[in-house]
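A structural walkthrough
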Amino acid sequence: MTQSKLIKNVGKQFAIYGLGDLLNKAVAFLLLPFYTHYLRPQEYGTLEILDLTVYLVSMFLTLGMNHAVIRFYHREESEDGRKAVVSAGVLATFIVSLVALIPLLVFSPSISGWLLKSPESARLFALVFIAMVFNMTGEVAMTYFRLREMPGWFVSFSTTRLILNLSGNILFLAFLGKGVEGILWAGLIASTLVNGVLLGYLTRHVGVGFSWAVFLPMLRYGAPLMGSGIGMYLINFGDRFALQRLMSLGDVGIYSLAYKFGMLPNVLILTPFQMLWGPKQFQISHEPDAPNTFSRVFNYFWFLQMFLGLGLCVLIGDVIRIIAAGDYGNAAAYVPPLVLSYICYGAYWYFQFGVMHARKTSSLAVNTLVMAGLNLALNFLLIPRMGIWGACLATFISIFLMMVVVHFLSRSYYVIPFAYGKMVAMFILALALYALAGRINPANIAASVAVRTLIALCYPLLLLLFRVTRGSDLEFLQGFRERFFRVIFLRK
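Residues numbered from 1 in each chain as written. Predicted model: local features only at pLDDT ≥ 70, side-chain atom pairs only at ≥ 80, totals over all residues. Heavy atoms only, no water.

Moving on: the overall build of the chain. Counting secondary structure elements, the chain contains 21 helices and zero strands. The burial tally for the chain puts 55% of its 492 residues in the buried class. When contacts within the chain are restricted to residue pairs at least 6 apart in sequence, long-range pairs at least 24 apart make up 83% of them. As presented, the chain carries roughly 21,200 Å² of accessible surface, and 67% of it is formed by carbon and sulfur atoms. (Helix = DSSP H or I, 4+ residues; strand = E, 2+ residues; numbered from the N terminus. Buried < 20%, exposed > 50% of the residue type's maximum accessible area, 1.4 Å probe, protein only. Contact = heavy atoms within 4.5 Å. Areas by Shrake-Rupley, 256 points an atom, 1.4 Å probe, with all protein chains shown as cover.)

Set out below in structure tokens:
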């Protein structure tokens, strides 16, 4: 496949994945006023601690199977061999998580007492642990659609789960008044129904089978990624536990709301990009012009992240005023440093290809664990002195350094000629527009949104004016926009 055709294919699939994720997140964010109305910051903080706990446990139990399935699928030349890889990954995840569920339920009171200082909340942990079994298995199963380049199916399952989950949240919160427990029940019901159908579909098309000869190499590849995942978990979410210990659950709730916006470059750009580029990069890596293709694709990826990040940073104050109750008002101040942190994380994910290609996954684990240790130390050093700002600063420093280290590490295995000058120029122009927006403060909120939106939309024009990008690059983005809207109106 030529570079031009490959990039067009990437743009087409990114449009589908991006649309699905955009619709999902749009619905979730439109309901934020609903959640902040029915949940106090302390309850929002409790929900965050529950989510982060189950996320940490899941990383230990998945054994890196989602990454291993992607890596080993394209190594198999036969269709039966590829099916065996998918089946082994899904079965291993389901069995391990089901066995682990028993001690997790037994020790729920102790876990609740330690994390929430309330052993009586053990039933909340029991609900999230049961849902975890279905979610973990479903996550590995969903890689099948990514590998088969079936983004429509992927989006259909994820959107159905979201709709069921949100419908349950409205029922349990607004009509039954069940609070945090109601949200957990809604999640459990949605996960059971959707992932049950997903596993039935996968059984029909892949079959049920397990081979140690297939599984063990996958385990050796995936297990070191657990260390990398745990390190990233501590960098991304360890600050919530530090805030809960050093400050209060209310501060956790405010910071968590800011974090939801701060991670949007990852949610709306990186996540759909990972879904298509994760498998594709291994598929094309041996082609003669692959390094230049990697560099060109990264330019588009970096631009999209910067453009979205700029829009978020200039509009966030008005958005928080519109959607959140007064108790959450301070959250807007913490969004810009978090946005910058997760733009760097997007680059980190892209830069790590050389390490993944060489199968040196243990080095990723070492890098992230070292940075996680730095992050925790910075949290406990800075939060008592700076409050939530300390958590923001600790996040940025650790992610930025992790990005730099993995970049130089990957270059020793696979050299990609990145356009560093363009990266820096795009950042400087975005920073200048952000500073300009900060000096304009219309009293009327509608005028403020209009002016700030206009400032953000000037970004691509400035890139052309200062010759940071070329006309051909914008032609690609225009083509991407057309493909995106063809997906919306169901046209080929």
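Moving on, we come to the packing of helix α6 (residues 108–115) against helix α7 (residues 122–147). Following both chains from N to C, one finds α6 and α7 inclined at 115°, their axes separated by 8 Å at the closest point. One way to sum up the angle between α6 and α7 is to call them roughly perpendicular. The handedness of the crossing between α6 and α7 is right-handed. Residues Ser108, Pro109, Ile111, Ser112 and Leu115 of α6 touch α7, and the partners they reach there are Ala122, Phe125, Ala126 and Phe129. Partitioning the contact of α6 with α7 into residue classes produces seven nonpolar, two polar and no charged. (Axes fitted to C-alpha atoms, helices over the stretch in contact; angles between N-to-C directions. Parallel < 35°, antiparallel > 145°, perpendicular 65-115°, else oblique. Left-handed = near helix turned anticlockwise from the far one by under 90°. Nonpolar A, V, L, I, M, F, W, Y, C, P; charged D, E, K, R; others polar.)

What follows concerns helix α18 (residues 420–438). Taking 1.5 Å as the rise per residue, α18 with 19 residues should run 27 Å; its terminal C-alpha atoms sit 27 Å apart, in good agreement. Within the span of α18, buried status applies to Met423, Met426, Leu429, Ala430, Leu433 and Ala437. Along the axis of α18, the buried residues cluster in a sector spanning 140°; they form a single face. Of the surrounding elements, those touching the buried residues of α18 are α13 (290–323), α14 (335–351), α19 (445–457) and α20 (459–465). (Expected span 1.5 Å × (residues − 1). Arc of directions from axis to C-beta.)

What follows is about the packing of aromatic side chains. Tallied over the entire structure, the rule returns 33 aromatic pairs. Taken together, a centroid distance of 5.7 Å and an interplanar angle of 75° make the contact between Phe294 and Tyr414 edge-to-face. You can see Phe294 sitting in helix α13 and its partner Tyr414 sitting in the loop between α17 (388–411) and α18, a full 120 residues away along the chain. Each member of the pair, Phe294 as well as Tyr414, is classed as buried. (Phe/Tyr/Trp six-rings, centres within 6.5 Å; stacked < 30°, edge-to-face > 60°.)

Counted as a void, the second largest pocket has a volume near 320 Å³. Every residue lining the second largest pocket is counted, 14 residues in all, and those nearest its centre are Trp302, Phe400, Met403, Met423 and Val424. Listed by contribution, the elements that provide at least two residues to the lining of the second largest pocket are α14, α17 and α18. Looking at the lining of the second largest pocket, the element that brings in the most residues is α17, giving five residues. Taken together, the residues of the lining of the second largest pocket sort by class into 13 nonpolar, one polar and no charged. (1 Å grid on protein atoms, 1.4 Å probe; cavity = no way out; pocket = protein on both sides within 12 Å on 5 of 7 lines; lining within 4 Å. Points joined across faces, edges and corners; volume = space filled by probe spheres on them.)

Applying the stated rule across the entire model yields four salt bridges. Measuring nitrogen to oxygen at the nearest pair gives 2.9 Å for the salt bridge that ties Arg240 to Asp239. When the shortest N-O distance is used, the salt bridge between Asp318 and Arg452 registers 3.6 Å. Within this pair, whereas Asp318 is found in helix α13, its partner Arg452 is found in helix α19, the two being separated by 134 residues in sequence. We note that Asp318, like Arg452, is buried. (Salt bridge = Lys/Arg side-chain N within 4 Å of Asp/Glu carboxyl O.)

So, on to the confidence of the model for the chain. Mean pLDDT over the chain stands at 81; residues scoring 70 or higher make up 87%. Of the regions scoring below 50 in pLDDT, residues 479–492 engages in 18 contacts with residues more than four places distant in sequence or in other chains. (pLDDT = per-residue confidence, 0-100.)

Looking at where Thr395 falls in the secondary structure, it is placed in helix α17. With a relative accessible area of 0%, Thr395 lands in the buried category. A distance of 3.0 Å separates a polar atom in the side chain of Thr395 from the backbone oxygen of Ala391. When residues no more than four places from it in sequence are discounted, the contact partners of Thr395 are Ile235, Asp239, Tyr255, Tyr259, Leu338, Ser341, Tyr342 and Asn375. (Polar contact = N/O pair within 3.5 Å; in protein donor to acceptor, adjacent residues only side chain to side chain.)

Residues Phe94, Ile95, Leu98 and Val99 make up a contiguous nonpolar surface patch of about 350 Å² in total accessible area. Among the secondary structure elements, Leu98 is positioned in helix α5 (residues 79–106). (Patch = residues over 30% accessible without salt bridge, like charges linked within 9 Å, V, L, I, M, F, W, Y side chains within 5 Å.)

Of all hydrophobic cores here, the largest spans 150 residues; its most connected members are Phe129, Phe145, Trp277, Phe294, Phe298, Tyr350 and Tyr459. For this core, the leading source of residues is α13, giving 17 residues. For Tyr350, the contacting residues outside a window of four places in its chain are Phe273, Trp277, Phe294, Val297, Phe298, Phe301 and Phe418. (Core = buried A, V, L, I, M, F, W, Y, C linked by side-chain atoms within 4.5 Å.)

With respect to the secondary-structure elements, Ile445 resides in helix α19. According to the relative accessible area criterion, Ile445 is partly exposed, its value standing at 27%. A sequence separation of 126 residues divides Ile445 from Val319, and the C-alpha atoms of the two residues are 9.5 Å apart. Setting aside its immediate chain neighbours within four residues, Ile445 contacts Asp318, Arg321 and Ile322.

Taken N-terminus to C-terminus, the directions of helix α4 (residues 65–73) and helix α10 (residues 212–246) make an angle of 125°; their axes are 8 Å apart at the nearest point. It follows that α4 is oblique to α10 by the angle criterion. Crossing handedness for the pair α4 and α10: right-handed. Side by side, α4 and α10 meet where Met65, His67, Ala68, Val69, Arg71 and Phe72 of the first sit next to Phe215, Pro217, Met218, Leu219, Tyr221, Gly222 and Leu225 of the second. When the residues that make up the contact of α4 with α10 are grouped by side-chain class, the tally is ten nonpolar, two polar and one charged.

Along the chain, Leu249 turns up in helix α11 (residues 249–262). Along the primary structure Leu249 and Glu48 are separated by 201 residues, whereas in three dimensions their C-alpha atoms are 9.5 Å apart. If sequence neighbours within four positions are ignored, Leu249 has contacts with Pro41, Gln42, Gly45, Thr46, Ile49 and Gln244.

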